[in-house]
Amino acid sequence: MTAAVTSATQVDRSAGVTAPAGFRAAGVIAGIKPAGKPDLTLVVNEGPHDVAAGVFTTNKVKAAPVLWSQQVLSAGKLKAVVLNSGGANACTGPEGFQDTHKTAEKLAEVLNVGAAEIGVCSTGLIGERLPMDKVLGGIDQAVAALAYGPDAGLDAATAVMTTDNVPKQAALTHAGGWSIGGFAKGAGMCAPNMATMLSVITTDAVLDQPHLDHALRNAVGKTFNRLDVDGGTSTNDTVLLLSSGASGVTVSPDEFEAALTALAADLVKQLQADAEGVTKHVSITVQNAATEAEALAAAKIVAQDNLCKTAFFASDPNWGRIAMAVGNAPTAFDPALLDITLNGAAICIAGGKGVDRSEADISGLEIDVVIDLHAGPASATVLTTDLSHAYVEENSAYSS
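About the thresholds
Residue indices begin from 1 for each chain and proceed along its sequence in written order. Under the rules for a predicted model, residues below a pLDDT of 70 receive no local features and side-chain atom pairs below 80 are neither given nor counted, while totals for whole chains, interfaces and linings still include all residues. Excluded from the side-chain calculation are hydrogens and water; included are all heavy atoms of the structure. Helix numbers and strand numbers start at the N terminus; a helix is a DSSP run of H or I with at least 4 residues, a strand a run of E with at least 2. Only C-alpha atoms enter the radius of gyration, while the globule expectation follows 2.2 Å times N to the 0.38, with N the number of residues. Here the term buried applies to any residue with accessible area under 20% of the maximum for its type, exposed to any over 50%, and partly exposed to those in between, with areas from a 1.4 Å probe on protein chains only. Salt bridges are defined by distance alone: a side-chain nitrogen of Lys or Arg within 4 Å of a carboxyl oxygen of Asp or Glu. Segmentation into domains, and thus their bounds, comes from an automatic or database assignment. We call two residues in contact when some of their heavy atoms are within 4.5 Å. Throughout, the accessible surface (probe 1.4 Å) given up by two parts as they are put together, summed over both, is called the buried area. N or O atoms closer than or at 3.5 Å make up a polar contact, with two conditions inside protein: a donor-capable atom paired with an acceptor-capable one, and, for residues adjacent in sequence, both atoms drawn from side chains. Arc, as used here, means the arc of the directions from the helix axis to the C-beta atoms. The set of buried Ala, Val, Leu, Ile, Met, Phe, Trp, Tyr and Cys residues whose side-chain atoms join them within 4.5 Å is what this entry labels a nonpolar core.

## Observations concerning the overall build of the chain
Point 1. On a plain count of helices and strands, the chain comes out with 10 helices and 16 strands.
Point 2. Whereas a compact globule of 400 residues would reach a radius of gyration of roughly 21 Å, the chain reaches 21 Å, a difference of no more than 12%.
Point 3. With the C-alpha coordinates of the chain rotated into their principal frame, the extents come out at 65 × 50 × 35 Å.
Point 4. When each of the 400 residues of the chain is scored for burial, the buried share is 55%.

## Regarding the pattern of salt bridges
Point 1. All told, the structure shown has 10 salt bridges when counted by the stated rule.
Point 2. Salt-bridge contacts for Lys-168 lead to Asp-164; the nearest nitrogen and oxygen are separated by 2.7 Å.
Point 3. Given the relative accessible area of 6%, Asp-164 is considered buried.
Point 4. Lys-222 serves as the salt-bridge partner of Glu-257, at 3.1 Å between the closest nitrogen and oxygen. Of the two residues, Glu-257 is situated in helix H6 (residues 253–273) and Lys-222 in helix H5 (residues 209–222); the sequence distance between them amounts to 35 residues.

## Things to note about the domain arrangement of the chain
Point 1. Examined at the domain level, the chain breaks down into domain 1 (23–272) and domain 2 (281–395).
Point 2. At the interface, 12 residues of domain 1 touch 16 residues of domain 2.
Point 3. Taken together, both faces of the contact between domain 1 and domain 2 bury some 1,200 Å²; the carbon and sulfur share is 44%.
Point 4. Per-residue buried area on domain 1 facing domain 2 is highest for Arg-226, Asp-228 and Gln-272; these three make up 58% of the total on that side.
Point 5. Seen at the junction of domain 1 and domain 2, the total is 1 salt bridge.
Point 6. A salt bridge links Glu-292 to Arg-226, with the nearest nitrogen and oxygen atoms 2.9 Å apart.
Point 7. Across the domain 1-domain 2 interface, the total number found is 8 residue pairs in polar contact (both at pLDDT 80 or more).

## Observations regarding the side chain of Thr-92
Point 1. Along the chain, the position of Thr-92 falls in the loop between strand S4 (80–85) and helix H2 (93–111).
Point 2. Non-local contacts of Thr-92, meaning those with residues more than four positions away in its chain, are made with Gly-127, Glu-128 and Arg-129.

## Observations regarding helix H4 (residues 150–158)
Point 1. Listed in full, the buried residues belonging to H4 are Ala-152, Gly-153, Ala-156 and Ala-157. Around the axis of H4, the buried residues are gathered within 140° of arc, so they sit on the same side.

## Let's talk about the nonpolar core
Point 1. With 47 residues, the main nonpolar core has Leu-40 and Phe-183 as its most contacted residues.
Point 2. Sort the elements by how many residues they give to this core and helix H3 (residues 132–145) lands first, with 5 residues.
Point 3. Judged by nonpolar contacts, the second largest core, of 33 residues, contains Val-51, Ala-170, Val-229 and Leu-271.

## Describing helix H8 (residues 306–313)
Point 1. All of the buried residues in H8 are Cys-308, Lys-309, Ala-311 and Phe-312. For H8, the buried positions fall inside an angular range of 160° around the axis, keeping them on one side.
Point 2. Packing partners of the buried residues in H8 comprise strand S9 (227–228), strand S11 (281–289), helix H7 (292–304), helix H9 (319–327), strand S15 (366–372) and strand S16 (378–385).

In structure tokens, the structure reads:
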């Protein structure tokens, strides 16, 4: 059982990766993006510990930095992470992997550590090589800008943005004397199945690597994996968790997992709120399923269904589309027992018409969908968004 989140673990969005002791960060304009916006981030762990864990995309097409970071994390340690926006370095072949290696080697040389202690992340357009002169020069620039404090954490969160409108960060300071903080980026191609587009989380708690890894996987499963903006699992999805141990406080695994889950859940809410073209924040809960896996599968089917998403955009309580989507899920239930509630209105009861559609008001920003299968004790919730004109326009113009 995971410990409950208490008042000792309240999330603060004014801080991020530099909130825990032992971490410096920077975000700079390296010139990778033609528009001249911030595009290179560093997060450096100054110890005394360098324990780390990571979770990566399940997509078979993995970007070079994903392959690199998976490889170096086999040792369970990281001294620093370098992240660039403005290019995904995915589908770039052996040359792209060499670029990632060069990036790690450059930062390692400047920090006087080993390249195998450097995580690398990239985000942006797939299929193009990175301008390595800009990347390597940006590392020198970012190292010179490394700092403690909330401004440095915000700069780091800002320089990883692509189609995001706002930076996303959060931190919490536990009453026990330790902290956790992080940032995330992602607005589209967002159906993580492991993590989000990119996220770095830091902590000064003392925890061994197996427990750190276990906590990260559990937290990701309950948070990042429950967000589905458009059904697209990216080639670059990465969540990295770094522990400096600088607080000197040894934390129980359950207590740490509760705090990590609270932090990740807040980052996911920020990702949902800033999704591409979003006009609706939709929560889909499937309850009384035979298993949690079946509940999750049914919720994701609804979250990804374009007919449901366009109905949400139109504020149309068209519950027939939801029933259709649930019926396509790999989930066992009796259709004659299906109940669907929209913002508290029981619009479908026992597989047929419930209250009048006019009682289901989904004209506001928040839409709460509850689907009751009456098939067992399990439940799951997935967060999603609507499919708007703005989403189509933004993604049709993304590469131009």
